[in-house]
Amino acid sequence: MYLLELDRTMCVSCGTCIDICPEVFEFTNDGLSSIKDVEISDLQKLEMDDPLCTEDAMENCPSGAIKVYRD
Ligand code: SF4
């Protein structure tokens with residue numbers, strides 16, 4: 001099991017995660033990245049069986065807003 005966390009307060013709206021991992025991330029009306037289908041909040045969390053492209057997004061996010069933890 002994996003836990004994806006997105007700290008939206010750290011997002012600088014560069015769009016990299018959306019380019020790398022559009023299955024999981026999208027821009028919302030406030031101009032910040034968000035995890036699809038997760039309620040908008042400063043800190044979004046999503047449990048995932050498969051991390052998909054989120055680890056690539058974490059490694060390429062310039063602000064460190066994305067974290068992926070393995071249980
Ligand atoms: S890569 Fe990081 S800083 Fe850029 S849009 Fe995604 S969460 Fe925000």
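All figures in this text were calculated on a predicted structure; none of them were measured in a lab.

**Q** Can you tell me about the site of the ligand, naming the residues and giving the values?
**A** The environment of the ligand is formed by 14 residues, the closest being Cys11, Cys14, Gly15, Cys17 and Cys61. Looking at the shell around the ligand residue by residue, the class counts come to nine nonpolar, five polar and no charged.

**Q** Mind laying out unusual backbone geometry, listing which residues take part and the relevant values?
**A** Positive phi, close to 60°, is recorded for Ser13, a residue that is not glycine. Along the chain, Ser13 turns up in the loop between β1 (2-7) and α1 (16-20). Take Ser13: its relative accessible area is 32%, and that puts it in the partly exposed class. Residue Asp37 is not a glycine yet carries a positive backbone phi of 65°. With respect to the secondary-structure elements, Asp37 resides in the loop between β3 (33-35) and β4 (43-48).

**Q** Give a detailed account of the environment of Ile20, specifying residues and quantitative values.
**A** By secondary structure assignment, the location of Ile20 is in helix α1. Judged by relative accessible area, which is 30%, Ile20 ranks as partly exposed. Excluding anything up to four places from it in sequence, Ile20 contacts Cys53, Asp56, Ala57 and Asn60.

**Q** Talk me through the side chain of Thr54; I want residue IDs and the actual numbers.
**A** Structurally, Thr54 is set in helix α2 (residues 54-60). Among the residues examined, Thr54 registers a relative accessible area of 0% and is labelled buried. In this view, Thr54 contacts Leu4, Cys21, Val24, Phe25, Met48, Ile66 and Val68; residues no more than four positions away in its chain are not counted.

**Q** Describe a negative patch on the surface, naming the residues involved and giving the relevant values.
**A** A contiguous patch of negative charge, built from Glu47, Asp49, Asp50, Glu55, Asp56, Glu59 and Asp71, is present on the exposed surface. Counting residues per element, the negative patch draws most heavily on α2, which supplies three residues. Using a relative accessible area of 69% as the deciding quantity, one classes Asp71 as exposed.

Each value, and the rule that gives it
Counting restarts for each chain, with residues numbered from 1 along the sequence as it is written. This being a predicted model, a pLDDT of at least 70 is required before a residue's local features are given, and a value of 80 or more before pairs of side-chain atoms are given or counted; all residues contribute to the totals for chains, interfaces and linings. The side-chain values count all of the structure's non-hydrogen atoms but skip hydrogen atoms and water molecules. Only a single heavy atom is needed: when it lies within 4 Å of a molecule or strand, its residue is near that molecule or strand. For this classification, Asp, Glu, Lys and Arg are treated as charged, while Ala, Val, Leu, Ile, Met, Phe, Trp, Tyr, Cys and Pro are nonpolar and the rest, including Gly, are polar. Secondary structure counts use DSSP, requiring at least four H or I residues in a row for a helix and at least two E residues in a row for a strand, with both numbered from the N terminus. In this scheme, a residue with accessible area under 20% of its type's maximum is buried, one over 50% is exposed, and one in between is partly exposed, where area comes from a 1.4 Å probe on protein chains only. In this description, contact between two residues means that some pair of their heavy atoms is separated by no more than 4.5 Å. Patch membership requires more than 30% relative accessible area and the absence of a salt bridge. Residues of like charge join within 9 Å; the nonpolar side chains Val, Leu, Ile, Met, Phe, Trp and Tyr join within 5 Å. All accessibility values rest on the Shrake-Rupley procedure with a 1.4 Å probe; residue burial counts only the protein chains present in the view. Salt-bridge detection follows one rule: a side-chain nitrogen of Lys or Arg within 4 Å of a carboxyl oxygen of Asp or Glu. Think of it this way: Lys and Arg go in the positive column, Asp and Glu in the negative one, and His and the chain ends go nowhere. Taken as the charge centre is NZ of Lys, CZ of Arg, CG of Asp or CD of Glu, depending on the residue.

Shape is all these values report; function is a separate question.
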